[in-house]
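Close look at the chain arrangement
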Amino acid sequence: MKILVTGAKGFIGRNLIAELRNREYNDIFEYDIDTPQEKLDEYAGECDFVFHLAGVNRPKDESEFMSGNFGFTDALLSKLKEHKNKAPVLITSSIQAKLDNPYGKSKKAGEELMFSYAEENEVTVYVYRLPNVFGKWCRPNYNSAVATFCNNIAKGLPITVNDPSVTMNLVYIDDVVNEFINAMHGKANIVDGFGAVPTIHTTTLGHIVDVIRSFKESRLKLEVPNLSDELERKLYSTYLSYLATDDFAYPLKMNVDERGSFTEFIRTPDRGQISVNISRPGITKGNHWHHSKNEKFLVVKGKGCISFRRYGGEEIIDYHVSGDELTVVDIPTGYTHCITNEGDEDMVTVMWANEAFDPDRPDTYYEPVR
């Protein structure tokens with residue numbers, strides 16, 4: 001299949017083309033504002049499907065709305081007709097097509113032109129009235145509030161929120177791309193005559209800002225977002241894409257002594273805590289037990305022994321573990337336990353606890369295993 005993508009260098013175009021290539025579509029005609037105009041004629045004669053994503057959002061003069069959103073659409077369809085090419089066409093419109101403003105009028109005119117073209121030429125067309133689209137590679141300080149907030153908050157720049165109670169309907173770029181590719185295969189989601197991305201997130205401007213700000217603060221608290229919330233998960237992926245290149249890394253506080261070190265990595269309110277423990281050769285750590293706190297130990301480097309004894313009991317159970325054969329060991333409640341480095345190099349253990357450590361309620365009681 002030969003696929004023509006107009007607006008190939010734009011936000012949606014870049015994401016769509018990247019995913020098409022991931023799915024091994026290699027005959028992609030990329031057309032953008034700097035593409036030689038004669039290429040449009042060539043591509044229109046050969047393509048099997050058209051993603052018409054090109055458009056004007058922020059022109060210097062309002063007249064450019066109509067020339068960019070209606071005029072170029074007319075030129076594209078004319079080229080297809082000249083070549084008698086009945087390739088299906090998918091065009092991105094906007095929910096603003098319902099509004100009486102220059103941008104909305106130009107989008108509405110493009111929609112009507114597309115539907116007329118479909119009827120007159122017996123061609124399949126898909127018109128998608130998109131709400132606010134967000135995700136990686138979107139240009140900040142342009143026409144996406146989410147992109148602007150992510151970029152500015154990530155880089156410590158100021159933002160302006162005039163009315164936090166404003167309701168926003170959002171669609172995530174990966175959902176948009178997946179829907180578009182489904183449409184290319186004749187599986188478009190059509191609602192009232194228009195293509196629609198199935199998953200729409202409705203929230204307030206203020207909530208979006210609060211969530212994105214929490215991402216900035218999460219590093220200091222070693223937190224990760226609530227990934228069970230679909231919108232929050234997608235916003236976090238978007239936010240990370242706007243980090244400055246010298247800000248990808250952040251340090252952790254290592255608690256170091258003669259035995260080695262213990263470092264908290266991630267804390268969550270509902271999925272526990274992850275830490276990294278380093279033990280020097282011959283060192284034993286632990287010798288304590290818990291009422292309700294439970295843990296999982298995974299030695300990833302070196303070799304050691306994890307020992308248990310039921311509180312009040314006498315039998316000692318040993319589990320010998322090694323980074324050469326990764327094995328998770330559960331630490332049951334009511335068992336005092338310890339971990340000993342049996343090798344001649346530092347032993348590294350990844351530890352998960354079902355709850356983040358609370359110094360006011362540690363639930364940790366000293367009791368030697370042996």
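Going by the structure above, here's the rest.
The following paragraphs examine the structure supplied in this document. What you are looking at is a predicted structure, and each value in this text was computed from that prediction instead of being measured.

With that settled, the discussion passes to the overall build of the protein chain. A count of helices and strands for the protein chain gives 8 helices and 21 strands. The globule rule puts the C-alpha radius of gyration for 370 residues at 21 Å, and the 29 Å found for the protein chain is more than 25% above it. For the protein chain, the spread of C-alpha atoms along the three principal axes comes to 90 × 45 × 35 Å. Relative to its 370 residues, the protein chain shows a buried fraction of 44%. In the protein chain, of all internal contacts separated by at least 6 residues, the share reaching a separation of at least 24 is 73%. For the protein chain, the accessible area works out to roughly 19,600 Å², and carbon and sulfur atoms hold 49% of it. For the protein chain, the distance from the average site of its 41 positive side-chain charges to the average site of its 55 negative ones is 2 Å.

What follows is about helix H6 (residues 173-184). End to end, H6 covers 17 Å across 12 residues, agreeing with the expected 16 Å (1.5 Å per residue, within 8%). Taken residue by residue, H6 has Ile173, Val176, Val177, Glu179, Phe180, Ile181, Ala183 and Met184 as its buried positions. Positioned one or two residues after H6, glycine 186 has a phi angle of 80°, which is positive.

This part takes up the pattern of salt bridges. Scanning all chains against the criterion turns up 19 salt bridges. A salt bridge links arginine 21 to glutamate 30, with the nearest nitrogen and oxygen atoms 2.9 Å apart. Note on arginine 21: relative accessible area 37%, which makes it partly exposed. For aspartate 346, the salt bridge identified is with arginine 280, shortest N-O distance 2.7 Å. Of this pair, aspartate 346 sits in the loop between strand S19 (335-341) and strand S20 (347-353) while arginine 280 sits in the loop between strand S13 (273-279) and strand S14 (284-289), and the two are 66 residues apart along the sequence. Taking the relative accessible area as the measure of exposure, arginine 280 reaches 32% and is therefore partly exposed. Each of the salt bridges in this network shares a partner with another, and the network as a whole consists of Asp175, Glu230 and Lys234.

A word on the sheet that holds strand S7 (residues 167-172). The mixed open sheet is built from 3 strands, whose spatial order is S6-S7-S10. For this open sheet the edge positions go to strand S6 (132-134) and strand S10 (201-204), each flanked by a neighbour on one side alone. Strand-to-strand twist of the sheet, defined as the mean angle between neighbouring strand axes without regard to direction, takes the value 45°. Relative to S10, S7 runs antiparallel, the two sharing 4 bridges. Bridge pairing links threonine 167 to threonine 204 in S10.

Further remarks concern helix H8 (residues 230-240). Along H8, the residues classified as buried are Leu231, Glu232, Lys234, Leu235, Tyr236, Thr238 and Tyr239. Against S6, helix H5 (145-154), S7, H6, S10 and helix H7 (205-221) lie the buried residues of H8. Its side-chain oxygen 3.1 Å from the backbone nitrogen of leucine 231, aspartate 229 forms the N-cap of H8.

Within S19, 7 of the 7 residues are buried, leaving the element largely enclosed by the surrounding structure. With burial as the criterion, each face of S19 is covered, one bearing Tyr335, His337, Ile339 and Asn341 and the other bearing Thr336, Cys338 and Thr340. For S14 and S19, the ladder comprises 4 bridges, and the chain directions are antiparallel. Of the residues in S19, the one forming a bridge with threonine 284 is threonine 340. As paired strands, strand S16 (residues 303-310) and S19 are joined by 7 bridges and run antiparallel to one another. Across the sheet, residue phenylalanine 308 finds its bridge partner in S19, namely histidine 337.

Quick notes on the rules
- Per chain, residue numbering runs from 1 following the sequence as it is written.
- Per-residue local features are limited, in this predicted model, to residues with pLDDT of at least 70; the limit for side-chain atom pairs, both in listing and counting, is 80 or more; totals at the level of whole chains, interfaces and linings are taken over all residues.
- Hydrogen atoms and water are omitted, and side-chain values are computed over all heavy atoms in the structure.
- A helix here means a DSSP run of H or I that spans at least four residues, while a strand means a run of E at least two residues long, and both kinds are numbered starting from the N terminus.
- Throughout, radius of gyration means the C-alpha value; the globule benchmark is 2.2 Å times the number of residues raised to the power 0.38.
- Burial classification: accessible surface area is computed with a 1.4 Å probe over protein chains only, and a residue below 20% of its type maximum counts as buried, one above 50% as exposed, and the rest as partly exposed.
- Residues count as neighbours in contact if any of their non-hydrogen atoms are within 4.5 Å of one another.
- Shrake-Rupley sampling with a 1.4 Å probe provides the accessible areas, and residues are treated as covered by the protein chains on show and by no other component.
- We count Lys and Arg on the positive side and Asp and Glu on the negative side, and we leave His and both chain ends out.
- All charge positions are set by atom: Lys at NZ, Arg at CZ, Asp at CG, Glu at CD.
- Expected span of a helix: the number of residues minus one, times 1.5 Å.
- What makes a salt bridge here is a side-chain nitrogen of Lys or Arg within 4 Å of a carboxyl oxygen of Asp or Glu, nothing more.
- One bridge is not enough; two strands pair if DSSP finds at least two bridges between them.
- To get an axis, fit a line to the C-alpha atoms, keeping to the stretch in contact for a helix; angles then go from 0 to 180 degrees between the N-to-C directions.
- Polar contact is defined as a pair of N or O atoms within 3.5 Å, subject to the rule that within protein one atom must be able to donate a hydrogen and the other to accept it, and that residues adjacent in sequence are counted only when both atoms are side-chain atoms.

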